[in-house]
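Summary of structural features
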Amino acid sequence: MPMREDPLPALEVRNVSLSFKGVKAISDLTFQVERQEICALIGPNGAGKSSLLNILNGVYVPDSGEIVFEGEHFRRMHPLEAARRGIGRGFQNNALFSGMSVLDNVIAGLSRHSRATLVEEAFRLPRARGEERRFRERAHEVLRLFDLERHAATLVGTLPYGVQKKVEIARAIAAEPRLLLLDEPLAGMNAAEKQEIAAVIARLNTELKLTIVLIEHDIGIVLKLAHHVVVLDYGRKLADGPPEAIRDDPDVIAAYLGSEHAEIAA
Amino acid sequence: MSEIDVRAAAEPLDSIGLKAVAGAAAAALVLAAPFLASEYWINAIIVPFLILSLAGLGLNLLTGYAGQISLGAGAFMMVGAYATFSLQLRVPDLPLPLALVVAGIVAGAVGLAFGIPSTRIKGFYLIVSTLAAQFFFEWLFLKFPWFYNGNSSATISLSRGLSFFGLDLNHPHGRYYLTLGIVTLLTLLSFNLVRSQTGRNWMAIRDMDTAAAVIGVPIVRAKLQAFAVSSFILGIAGALWAFAYLGSASVQSFGLTRSYQILFIIIIGGLGTIRGAYLGAAFVSLLPLALDWLFQYVFSGRVDAGLLQNIQKAIFGILIVWFLIKEPEGLSRLLGLRRANGGRRSLFPSSLKEN
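Since we're looking at a predicted model, the values are computed, not measured. (Residues numbered from 1 in each chain as written. Chains lettered and ligands numbered in written order. Predicted model: local features only at pLDDT ≥ 70, side-chain atom pairs only at ≥ 80, totals over all residues.)

All names here are of chain B. At a minimum axis separation of 7 Å, helix 3 (residues 39-65) and helix 10 (residues 219-246) run at an interaxial angle of 165°. It follows that helix 3 is roughly antiparallel to helix 10 by the angle criterion. The crossing of helix 3 and helix 10 is left-handed. Between helix 3 and helix 10, the contacting residues are Val47, Pro48, Ile51, Leu54, Ala55, Leu57, Gly58, Leu59, Leu61 and Leu62 on the first element and Ala226, Phe227, Val229, Ser230, Ile233, Leu234, Ala237, Leu240, Trp241, Ala244 and Tyr245 on the second. Taken together, the residues that form the contact of helix 3 with helix 10 break down as 19 nonpolar, 2 polar and no charged. (Axes fitted to C-alpha atoms, helices over the stretch in contact; angles between N-to-C directions. Helix = DSSP H or I, 4+ residues; strand = E, 2+ residues; numbered from the N terminus. Parallel < 35°, antiparallel > 145°, perpendicular 65-115°, else oblique. Left-handed = near helix turned anticlockwise from the far one by under 90°. Contact = placed C-beta atoms within 7 Å. Nonpolar A, V, L, I, M, F, W, Y, C, P; charged D, E, K, R; others polar.)

All names here are of chain B. With 14 residues, helix 11 (residues 256-269) extends 20 Å from end C-alpha to end C-alpha; this agrees with the ideal 20 Å at 1.5 Å per step. On its buried face, helix 11 sits against helix 3, helix 4 (73-90), helix 6 (124-143), helix 12 (274-298), helix 13 (305-326) and helix 14 (330-334). Gly270 lies just past helix 11 and shows a positive phi near 135°. (Expected span 1.5 Å × (residues − 1).)

The next subject is helix 1 (residues 49-56) of chain A. The buried fraction of helix 1 of chain A amounts to 8 of the 8 residues, a majority that puts the element mostly inside the structure. Considered for burial, the residues of helix 1 of chain A that qualify are Lys49, Ser50, Ser51, Leu52, Leu53, Asn54, Ile55 and Leu56 of chain A. (Buried ≥ 20, exposed ≤ 12 C-beta atoms within 10 Å, placed from the backbone.)

Residues and elements named next belong to chain A. Taken in spatial order, the 6 strands of this open sheet run 6-7-8-3-9-10, and their pairing is mixed. Lying at the two open borders of the sheet, with one neighbouring strand each, are strand 6 (87-90) and strand 10 (236-241). The average angle at which neighbouring strand axes cross in this sheet is 15°, direction not considered. With 4 bridges connecting them, strand 3 (residues 38-42) and strand 9 (residues 228-233) associate as parallel partners. Considered in strand 9, the bridge of Ile42 is made with Val231. Against the sheet, helix 1 makes contact with strand 3, strand 6, strand 7 (179-183), strand 8 (211-215) and strand 9, and its axis sits at roughly 150° relative to strand 7, the strand it touches most. Set on the sheet, helix 6 (residues 161-174) makes contact with strand 6 and strand 7; between it and strand 6 the angle comes to about 170°. (Pairing = 2+ DSSP bridges.)

Before going further, it helps to examine the interface of chain A and chain B. Tallying the contact residues gives 41 residues for chain A and 34 residues for chain B. Of all elements in the fold, only helix 2 (79-84), helix 3 (102-108), helix 4 (118-122), helix 5 (126-145) and helix 6 of chain A reach the threshold of two or more residues within the side of chain A that touches chain B. Tallied by class, the residues present in the side of chain A that touches chain B amount to 21 nonpolar, 12 polar and 8 charged.

Next up on the list: the packing of helix 5 of chain A against helix 6 of chain A. Residue and element names in this part refer to chain A. In contact at an axis separation of 10 Å, helix 5 and helix 6 are set at 135° when each is read in the N-to-C sense. Taken together, the axis directions place helix 5 and helix 6 in an arrangement best described as oblique. Read as a crossing pair, helix 5 and helix 6 show a hand that is right-handed. Side by side, helix 5 and helix 6 meet where Arg138, Ala139, Val142 and Leu143 of the first sit next to Ala170, Ile173 and Ala174 of the second. A per-class count over the contact of helix 5 with helix 6 returns 6 nonpolar, no polar and 1 charged.

Residue and element names in this part refer to chain A. Per the domain assignment, the segments making up chain A are domain 1 (1-86 + 177-266) and domain 2 (96-176). On a C-alpha basis, the centres of domain 1 and domain 2 stand 27 Å from each other. Each partner contributes residues to the interface: domain 1 has 12 residues there, and domain 2 has 11 residues. Elements that contribute at least two residues to the side of domain 1 that touches domain 2 include exactly helix 2, strand 7 and helix 7 (191-207). Per element, the largest residue contribution to the side of domain 1 that touches domain 2 is 4 residues, and it comes from helix 7. For the side of domain 1 that touches domain 2, the residue count by class is 9 nonpolar, 1 polar and 2 charged. (Domains from an automatic or database assignment.)

Okay, here's the thing in structure tokens:
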């Protein structure tokens, strides 16, 4: 990752629209994410937040608009292309490989760095062995970062939800992404777990200089964690700015914070 | 980490010595088997059991590991058998082991071609596509006499029999060691493969394909690799079935029934395990014997043979249904050979539940 101040933003979303069978999910959305910032997407359910993440790593194809990632323009992303360019992703309802151990899940996340051929793997030739050893080391390193070492050999489907969420972020981090997309990383966690994951996210941002776009409903944590907040409502951008500005924005309070989260806004 | 490592890590160190002794004893027993068992057992039970295990292993890589359901196992075995026949007939200088490898590659290429639809469709629709392979090759190998060298009975057999670089293998022991050697080698290679990144890619696709794509698993390549490797192994198994077990074969030897049999082997044995293929093959090889024995002693031969065969099929069918409902992980799990709290394998894993 370049250490110098790069004038280019890490990610730009330009006039992106998406609809499902005629129902608009995202309408003409434009915003940008600076390098090394944590950008939070907030908004009520159905506001198009997850759909936007799915566009960013190629699961959905937008109807119009474009994505600019590190200066390159994309009409659409392809999932493999997104992964190769370093866009990592955590899903809303854990999308782990339930029949595999925690360690194997994390190593699977390293696929884009794999160079050994099938024949080399079948005969355990030097390149395959070396790659396997490096992948294991890297995976253990990441598991340590998330305090998951003791679960390395455990089948991931048998772990509690909160631990699975951590495994999922670990899997995304293993491949050393340049941009990390997290869909409700704190959902379904208790207060202590939320603090822990929030601290890990903050560390990934400061220590690994990782640009992070996350969706989160816990406004208290969002306002503390994020450098930049984008508020969506019915697929449109309602507000865009630093957390302090968002907190005081009358439109946001009316549309989003006002009803359900009045106590936080007040 | 593979299940083997998991189990090894959980075990006390002193049991490893015991394991080595047990392994050595098992290996000695396997090597000495021809001298311990009767010719009938070797020819009619042990050799076909080994070949069915190999075929099960091949299909398990595709269906159990990569999650792609196939009813074309018989077709890919057929391609391997007919390719071996053609090579032995038309390229007489090519030694049998190399002919088997080339035949495996031919079957692998055919498998890859029939795997292409898997990059766009899955589940039931993919079954139809693999079923097409089954019917296509049954037709192809009957339609053109070139494939069976114009033989009046439309069967294939090796005129020079089996040999291994000059060593004559045309006796029960020879067939046994040839089969054992090939099965052992391919099992080891498969074992390496499923523990490597390719194996992890396959399992990732099986467990959740959208997530696999998003984290950078090359879905299309990995699926096609699974089809190719699976068909390579099935092709060699088919050649062994034709020439080391049957002696002479026809398209009927690899009909749809064979495809079902191989699929049942891995369902019964355990999807997504190497040993599952062996357990399932042992089960389908021994069940008819056990039923024969049972009916002979219980009804002292008063049930006629035709009825007996139908009863066998019915019992087999009931067992399949029972396995699908009660124990999707098969014998492997029942015998406690799988980790206790394993994730459930299912033929139709749920797709990504993410909006």
